[in-house]
Amino acid sequence: MNIIYAPWPWYISGPLIAFVMFLLLMVGKSFGMSSNLRTLCTICGAGNTSDFFKFDWKAQKWNLVVVFGAIIGGFIGAHFLSNDLAIAIHPDTIETLNTLGFESAGTSYLPTELFDVGVFSNLKGLLILAIGGLLVGFGARYAGGCTSGHAISGLSNLQWPSLIAVLGFFIGGLTMIHLIFPLIF
Amino acid sequence: MFKSEAASWFRIYEMFRFESFHMYGIIGSTVVLGVLIVQSIKRFKVRSFYGEPIVFTPKAKSVSRYLFGGIIFGLGWALAGACPGPMFTLVGAGFTPILVVIVASIFGTFLYGIVKNKLPH
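Computed from a prediction, not measured in an experiment: that's the story for all the values here. (Residues numbered from 1 in each chain as written. Chains lettered and ligands numbered in written order. Predicted model: local features only at pLDDT ≥ 70, side-chain atom pairs only at ≥ 80, totals over all residues.)

Peer 1: I tried to follow the overall build of chain A on my own but got confused; where do I start?
Peer 2: When you go through chain A residue by residue, the secondary structure sums to nine helices and zero strands. Each helix and strand of chain A, placed in order from N terminus to C terminus, yields the pattern α-α-α-α-α-α-α-α-α. With the principal axes as the frame, chain A shows a C-alpha extent of 45 × 45 × 35 Å. For chain A, the share of sequence-separated contacts (at least 6 apart) that also reach a separation of at least 24 residues comes to 42%. (Helix = DSSP H or I, 4+ residues; strand = E, 2+ residues; numbered from the N terminus. Contact = placed C-beta atoms within 7 Å.)

Peer 1: How should the overall build of chain B be read in this particular structure?
Peer 2: Each helix and strand counted, chain B has five helices and zero strands in total. Ordered by position from N to C terminus, the α and β elements of chain B give α-α-α-α-α. Along the first, second and third principal axes, the C-alpha atoms of chain B reach 45 × 40 × 30 Å. Considering chain B as a whole, with its 121 residues, one finds that 55% of them fall into the buried category. (Buried ≥ 20, exposed ≤ 12 C-beta atoms within 10 Å, placed from the backbone.)

Peer 1: Can you walk me through the domain arrangement of chain A in this structure?
Peer 2: The extent of an interface is frequently quoted as the accessible surface area lost upon association of the parts. All names here are of chain A. As assigned here, chain A comprises domain 1 (1-83) and domain 2 (122-185). Taking only C-alpha atoms into account, the centre of domain 1 sits 18 Å from that of domain 2. Tallying the contact residues gives nine residues for domain 1 and ten residues for domain 2. Those elements that place two or more of their residues in the side of domain 1 that touches domain 2 are α2 (10-26) and α3 (35-43). (Domains from an automatic or database assignment.)

Peer 1: How should the environment of Phe2(B) be read in this particular structure?
Peer 2: Note that Phe2(B) resides in the segment before α1 (9-16). Considering only alpha carbons, one finds Phe2(B) and Ala93(B), 91 residues apart in sequence, at a separation of 8.0 Å. In contact with Phe2(B), not counting residues within four places along its chain, are Gly73(A), Gly74(A), Gly77(A), Ala78(A), Ala7(B), Thr89(B) and Ala93(B).

Peer 1: How should I be thinking about the environment of Pro86(B) in this particular structure?
Peer 2: Residue and element names in this part refer to chain B. Tracing the chain through its elements places Pro86 in helix α4 (residues 86-93). Accessibility expressed as a C-beta count within 10 Å gives 27 for Pro86, which makes it buried. C-alpha of Pro86 to C-alpha of Ile98: the two residues are twelve residues apart in sequence and 9.9 Å apart in space.

Peer 1: What is the right way to read the nonpolar core from this model?
Peer 2: The nonpolar side chains of a soluble globular protein tend to be buried with one another. If you look at the biggest cluster of nonpolar residues, it comprises 86 residues, and the most contacted ones within it are Leu135(A), Phe73(B), Trp77(B), Ala78(B), Ala82(B), Ile98(B) and Val101(B). A total of ten residues in this core trace back to one element, the largest contributor, which is helix α3 (residues 64-80) of chain B. Split by domain, this core shows at least three residues from each of two domains, domain 1 (1-83) and domain 2 (122-185) of chain A. (Core = buried A, V, L, I, M, F, W, Y, C linked by C-beta atoms within 7 Å.)

Listed below in structure tokens is the structure:
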């Protein structure tokens, strides 16, 4: 049982994700999470402001079911299948995070500095979450996909555009962590 | 996603510092298996559970949209520490501040829809 309660190694979760992609292909769909953000825009009535949001969102209902599954999975994983949520990241990573002011590094699942309810009264933390989300949503649609659509579905289908997008993900991520983090934390 | 820690901000940070194999192992093993799955479906003309052919739509050829879009996405991925799948996993896990990230990402998608025609694709 301990195997289930402990964090799952990459060679378990990687194949599981591939299996999800396989199942979606077998029901005639494709694996891509960020499309749901566009669907949610359309449901909220964004079709009135841009043609980009004028599409039959009901045809995308199955993808919202995947989102629902991810929520339930997170609930079960966190509440029933885990006894210690601390993440054993590399000691050097912990040390760097501590110097940046992230005291919770190595002791929690997410940095409490950003994901504890206390952040709702912390303007800087809220701005970080909001700007991060904004960039993710904008970038994913501009690139035509996110980690699931490009890095997983696209690369699996040996698509050059997806490789360019993944390269972009890393240019952006490395820039943020090595050049911008020292400025904001 | 939750149990493999791929939904953890810390793991994303660590990945971009190249200090652990964990995230590369997840993405790498998924892609290796994914390539095998997709290539076998194509070679053996596997049909879906409903008996229809499985079609793969190739991505439109371009560099700028994938590169620029990718960079913007990467900046946000590293900052918020979550991409569009794990975001929802974290809602289920009970981290309410992730809702700020989700609402903002929906708004980001909306902004893209508005300025789309002015951007190089």
